[in-house]
Amino acid sequence: MTPPDRIIPESAAPNHPGEREIILSARDVCVSFGDNLVLDHLDLDVYRGEILGFVGGSGTGKTVLMRAILRLIPRQKGIIRILGENYDEVEEAKKIKLDMRLGVLFQHGALFSSLTVRENIQVPMREYLDLPQPLMDELAELKVAMVGLAPNATDKYPSELSGGMIKRAALARALALDPDLVFLDEPTSGLDPIGAAEFDELIAQLRDTLGLTVYMVTHDLDSLFSVCDRIAVLGKKRVLVEGTIDDMLSFDDPWVQSYFQGKRARMIPGRIDKQETKQDPGQNPAGSKKSEAE
Ligand SMILES: Nc1ncnc2c1ncn2[C@@H]1O[C@H](COP(=O)(O)OP(=O)(O)OP(=O)(O)O)[C@@H](O)[C@H]1O
Ligand SMILES: [Mg+2]
């Protein structure tokens, strides 16, 4: 038996009015590779329509969790429910239908280098749908426009694109099947601050116009302060805290304090200074690089 879908009251999701549907929930998730226990009894909720920023030191398991949620790597324990369904309990045909409602932008190697942008965007269409080529072409062109790329980018190869264009093209591919929930693993890494801010704006626009839910792994403090509705912090092999920026600023943990109240975070324009850092708390409790925050 799995628990029924939970409805979380406003008090538990303070950024949003009314009751909110949980689109993704992870409960008691454990993932290890041999002796390397990466995730240990992790819980996480993502609400429909939100942009959730998922942060944590390098090597703490952010990508592993995303891959475990997407069933790309096995987990040893725990229940993951997506779009109201427990993947472990649904039949294969339903799994495919559920997969079609998820879009993914991976951290590295976002696009197939031997395919044009058009062909990259059409990969999920070919995998899951049986559409005539002219319709797939029209859809690919639509997705290219949706992510703010010029039409002439459609027939370029990834090697002919800038880093920012590659991210946008990869986002277009993630949106190929009109998903409900998109997973973005460090979508703005490697972009200059202006490109990153534009990408954030694009994500917010797409969320607003398409009603997307966005699960975004990021180290980008600007994104966390400007575009994320809520944030979850991975540390000590589990989610240490999830909530609003205010919740992060007041959360009593050295790494969280260092990250959100550190020198770089304090330089973000317009940030709410609930508490100024009294001292640099130093080490990340999860044993990861402090340099992530500084
Ligand atoms: N397929 C795998 N096989 C064995 N170990 C793995 C595998 N994938 C990840 N790991 C290990 O899991 C841990 C977490 O890795 P992960 O890639 O999730 O980190 P991350 O939080 O995404 O870091 P970053 O911010 O640098 O991207 C690391 O110790 C990594 O070596
Ligand atoms: Mg990663």
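For the structure given in this document, a descriptive report is provided here.

**A look at the overall build of the chain**
When helices and strands are tallied, the chain shows ten helices and eleven strands. The buried share among the 294 residues of the chain stands at 40%. In the chain, the share of contacts with a sequence separation of at least 24, taken over all contacts with a separation of at least 6, comes to 68%.

**What to know about the nonpolar core**
When a protein is soluble and globular, its nonpolar side chains tend to lie buried together. Ranked by size, the top nonpolar core spans 72 residues in total, and within it Leu-52, Val-214, Tyr-215 and Met-216 carry the most contacts. If sequence neighbours within four positions are ignored, Leu-52 has contacts with Val-46, Val-214, Tyr-215, Met-216, Cys-228, Arg-230 and Ala-232.

**Observations concerning unusual backbone geometry**
Among all residues except glycine, the phi angle is most often negative; among peptide bonds, the trans geometry is most common. Phi angles above zero are rare outside glycine, and Asp-28 is one such case at about 60°. Summarising the element assignment, Asp-28 is placed in strand β2 (residues 20-33). One non-glycine residue with positive phi stands out, namely Asp-178, at about 50°. Taking the C-beta count within 10 Å as the criterion, Asp-178 has 12 such neighbours and is therefore assigned exposed.

**Brief notes about helix α1 (residues 62-69)**
In an α-helix, one turn spans 3.6 residues; hence positions three or four apart end up facing the same way. The buried fraction of α1 amounts to seven of the eight residues, a majority that puts the element mostly inside the structure. Buried within α1 we find Lys-62, Val-64, Leu-65, Met-66, Arg-67, Ala-68 and Ile-69. Two residues or fewer after α1 comes Arg-71, characterised by a positive phi angle close to 65°.

**Quick word on the packing of helix α3 (residues 117-128) against helix α4 (residues 133-146)**
Viewed as axis vectors pointing N to C, α3 and α4 meet at an angle of 110°, and their least axial separation amounts to 9 Å. It follows that α3 is roughly perpendicular to α4 by the angle criterion. Handedness of the crossing formed by α3 with α4: right-handed. Where α3 approaches α4, its residues Val-117, Arg-118, Ile-121, Gln-122 and Met-125 are matched on the opposing element by Met-136, Asp-137, Leu-139, Ala-140, Lys-143 and Val-144.

Cut-off values and rules
- Residues numbered from 1 in each chain as written.
- Chains lettered and ligands numbered in written order.
- Predicted model: local features only at pLDDT ≥ 70, side-chain atom pairs only at ≥ 80, totals over all residues.
- Helix = DSSP H or I, 4+ residues; strand = E, 2+ residues; numbered from the N terminus.
- Buried ≥ 20, exposed ≤ 12 C-beta atoms within 10 Å, placed from the backbone.
- Contact = placed C-beta atoms within 7 Å.
- Core = buried A, V, L, I, M, F, W, Y, C linked by C-beta atoms within 7 Å.
- Axes fitted to C-alpha atoms, helices over the stretch in contact; angles between N-to-C directions.
- Parallel < 35°, antiparallel > 145°, perpendicular 65-115°, else oblique.
- Left-handed = near helix turned anticlockwise from the far one by under 90°.

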